[in-house]
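Remarks on the overall topology
What follows is each chain in one-letter form.
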Amino acid sequence: MTRLPRWLDGRREPARAPDHRAAMPPATKTAAFQGFVAMQTQLDADWTQASFAALARQGFMRNPIVHRCVRMISEAAAAVPWRIHDGESTLPDHPLAAIIARPNAHQSHTTFLETAYGHLLLSGNAYVERSEPVGGRVHLHCLGPDRVRFERDHRGWPVTLVHEVGSQSRRIALDADDGACPLLHMALFNPLDETDGFAPLEAALTALDVHNAAARWNKALLDNAARPSGALVYAPGDGSNLTPEQYEQLKRELEEGYSGAMNAGRPLLLEGGLDWKAMGLTPRDMDFIEAKNAACRDIALAFGVPPMLLGIPGDNTYSNYQEAQRAFFRLTVLPLVRRTTEAFGHWLGPLFPGSVRIGCDLDRVEGLAVERDALFSRLEAASFLTDAEKRVAVGYPPVPDHAETGKDAQ
């Protein structure tokens, strides 16, 4: 450090040699370098990897905002009733309805769909395998996105899926002889890959790391609340320094008596030329709370959940909670449900004769009950429409089927 001013001045000290030492000109100090030099180093940020395992651990398992967003979307989407129909009438007794109601022996319809939606939201991909009929019944199983990989042909298209569990692996051909693929792959749009989906959480990865870092910072402050962020300055009048024994004793007393949550708020007793210099940033300087709330909003925005439903302060975009709930269903839940029902219909429909389709029954969605009541009221007041036209307007067939006719007769 004694050579730092000369190094900053551009006059580097030459190599020390006996024959050149006497020829060196005497060093002179200028007023420009008197005082001190502040040196600051900014480290690179540590980002979470964009893999399914990392997003699941750092996001769903350790971040309350991500956990709540995934649970809200998956539970709301799984609660939307599915409807098996042929384009005109509902088919409640169709064999496909039994498969959808009980996909396998270990999961119900709701649990199965929550798993599939959770995989889709956290990885951008959802894999469903159709097993061989057991006792004349088809079973459906969700495969973990972190346990599968594709094998591609010379054109780059996937032809085989490899499912690995521990040291065991099995191959699933994607092109069956009868044209019915045993695997359904649902993927969210990815502009950089034709087959692999893009997870919504990956778009909010920066906000996720900021929110997790803020939580770790708060925990560290609670665990070490009384350790001040600053420096003890020893500046006696005679210009002397602390001895090694005095330095170690002062350090030990500071750690034992003033650090830790139990010593929070304990004042420092300074004597003998000691002075305290605060070096930490205040919460106002860091804008700590607002940065955390902004990270929450970015995460909610990536998932399509109104921040008002998550309880984030300062988010009163909607006039009331009911409007936010309807926007959540219209803009996030229903598009996800329609994507899923269409995918399952195209995948399982060819297994049965006739034209079989899968849709969703919007009349039984609680989040849209207010909109449905308003629609019924408007149609009831529309005297220029016939009953058949009113039925078509709400999504019913123009002529009631036998079950509805019998119900009306009763």
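Residues numbered from 1 in each chain as written. Predicted model: local features only at pLDDT ≥ 70, side-chain atom pairs only at ≥ 80, totals over all residues. Heavy atoms only, no water.

**Observations regarding the nonpolar core**
Quick note on the threshold: Side-chain atoms within 4.5 Å link the members of a nonpolar core, which is a set of buried Ala, Val, Leu, Ile, Met, Phe, Trp, Tyr and Cys residues. Burial classification: accessible surface area is computed with a 1.4 Å probe over protein chains only, and a residue below 20% of its type maximum counts as buried, one above 50% as exposed, and the rest as partly exposed. Only DSSP runs of H or I with at least four residues qualify as helices, and only runs of E with at least two residues qualify as strands; both kinds are numbered from the N terminus onward. Contact definition: two residues touch when any of their heavy atoms are within 4.5 Å.
Leu-140, Phe-303, Phe-328 and Phe-344 are the most contacted members of the largest nonpolar core, which totals 65 residues. Sorting elements by how many residues they give to this core places helix H11 (residues 321-348) first, with eleven residues. Ignoring sequence-local partners within four residues, the contact set of Leu-140 consists of Ile-99, Pro-103, Asn-104, Phe-112, Val-128, Glu-129, Arg-130, Phe-344, Trp-347 and Leu-348. Counting residues in each nonpolar core, the second largest holds nine residues, with Val-148, Phe-150, Leu-161 and Leu-183 among its members.

**Overview of the sheet that holds strand S5 (residues 158-165)**
We apply this condition: Any two strands with at least two DSSP-identified bridges between them are counted as paired. Working convention: axes come from line fits to C-alpha atoms, limited for helices to the stretch in contact. Angles between N-to-C directions cover 0 to 180 degrees.
One open sheet accounts for three strands, arranged S4-S5-S6; its pairing is antiparallel. Two strands bound the open sheet, and with one partner strand each, they are strand S4 (148-152) and strand S6 (168-173). Each adjacent strand pair in this sheet contributes to an overall mean axis angle of 25 degrees, direction not counted. Here S4 runs beside S5; their pairing, made up of five bridges, is antiparallel. Across the sheet, residue Val-148 finds its bridge partner in S5, namely His-163.

**Some points on the pattern of salt bridges**
Note the cut-off: The salt bridge criterion pairs a side-chain nitrogen of Lys or Arg with a carboxyl oxygen of Asp or Glu, the two atoms within 4 Å.
Evaluation of the coordinates by the stated rule reveals six salt bridges. For Glu-75, the salt bridge goes to Arg-71, with nearest N and O atoms at 2.4 Å. Here Glu-75 pairs with Arg-71, and both are found in helix H3 (residues 64-78), just four residues apart, close to one helical turn. In this structure, Arg-149 engages Glu-164 in a salt bridge whose closest nitrogen and oxygen atoms are separated by 3.0 Å.

**Side note on the packing of aromatic side chains**
Between two aromatic rings, the relevant description is the distance of the centres plus the angle of the planes. Heads up, the rule is: The rule is short: rings of Phe, Tyr and Trp, with Trp giving its six-membered ring, pair when the centres are within 6.5 Å, and they are stacked under 30 degrees, edge-to-face over 60, tilted in between.
Taken as a whole and judged by the stated rule, the model has five aromatic pairs. The interplanar angle of 65 degrees and the centroid separation of 5.4 Å between the aromatic rings of Trp-82 and Phe-344 together place this pair among those described as edge-to-face. With Trp-82 in strand S1 (residues 82-85) and Phe-344 in helix H11, the pair connects residues that are 262 residues apart, well separated along the chain. With centroids separated by 6.0 Å and ring planes inclined at 55 degrees, the aromatic side chains of Tyr-127 and Phe-150 adopt a geometry described as tilted. Within this pair, whereas Tyr-127 is found in strand S2 (residues 125-130), its partner Phe-150 is found in strand S4, the two being separated by 23 residues in sequence. Pair check on accessibility: Tyr-127 and Phe-150 agree, each one buried. An aromatic cluster is defined as three or more aromatic residues linked by ring pairs; in this entry it consists of Trp-82, Phe-112, Phe-344 and Trp-347.

**A look at the environment of Glu-202**
Tracing the chain through its elements places Glu-202 in helix H6 (residues 200-203). Using a relative accessible area of 28% as the deciding quantity, one classes Glu-202 as partly exposed. Spatially, the C-alpha atoms of Glu-202 and Ser-123 are 8.4 Å apart, while their sequence positions differ by 79 residues.

**Let's talk about the sheet that holds S2**
Strands sit in the order S3-S2-S7 across an open sheet of three strands; the sheet is antiparallel. The open sheet has two free edges, formed respectively by strand S3 (140-143) and strand S7 (183-187), since each of these has just one partner strand. Neighbour-to-neighbour, the strand axes of the sheet open up by a mean angle of 25 degrees, direction not taken into account. Where S2 lies against S3, four bridges are found, and the strand directions are antiparallel. When the sheet's bridge partners are listed, Arg-130 is paired in S3 with Leu-140.

**As for the confidence of the model for the protein chain**
Heads up, the rule is: For every residue, the pLDDT score states the predictor's confidence, bounded by 0 at the bottom and 100 at the top.
Per-residue pLDDT for the protein chain averages 77, and the proportion of residues at 70 or more is 70%. Counted against residues more than four places away or in other chains, residues 1-15, with its pLDDT under 50, gives 13 contacts. Overall, residues 402-410 carries pLDDT values under 50, and its contacts beyond four positions in sequence, including any with other chains, amount to two contacts.

**Digging into the packing of helix H5 (residues 109-123) against H11**
Between two packed helices, what matters for the description is the angle formed by their axes and the separation of those axes. Filter applied, for reference: An angle below 35 degrees is read as roughly parallel, one above 145 as roughly antiparallel, one from 65 to 115 as roughly perpendicular, and any other as oblique. Amino acids are sorted into nonpolar (Ala, Val, Leu, Ile, Met, Phe, Trp, Tyr, Cys and Pro), charged (Asp, Glu, Lys and Arg) and polar (every other residue, Gly among them).
Packing of H5 against H11 leaves a shortest axis separation of 12 Å and a crossing angle of 110 degrees. One element, H5, and the other, H11, form an angle in the roughly perpendicular class. Of the residues in H11, those touching H5 at Phe-112, Tyr-117 and Leu-120 are Leu-336, Val-337, Thr-340 and Phe-344. Each residue belonging to the contact of H5 with H11 can be placed in one class, and the counts come to six nonpolar, one polar and no charged.

**Regarding the environment of Gln-322**
On the secondary structure map, Gln-322 appears in helix H11. Spatially, the C-alpha atoms of Gln-322 and Leu-368 are 9.8 Å apart, while their sequence positions differ by 46 residues.

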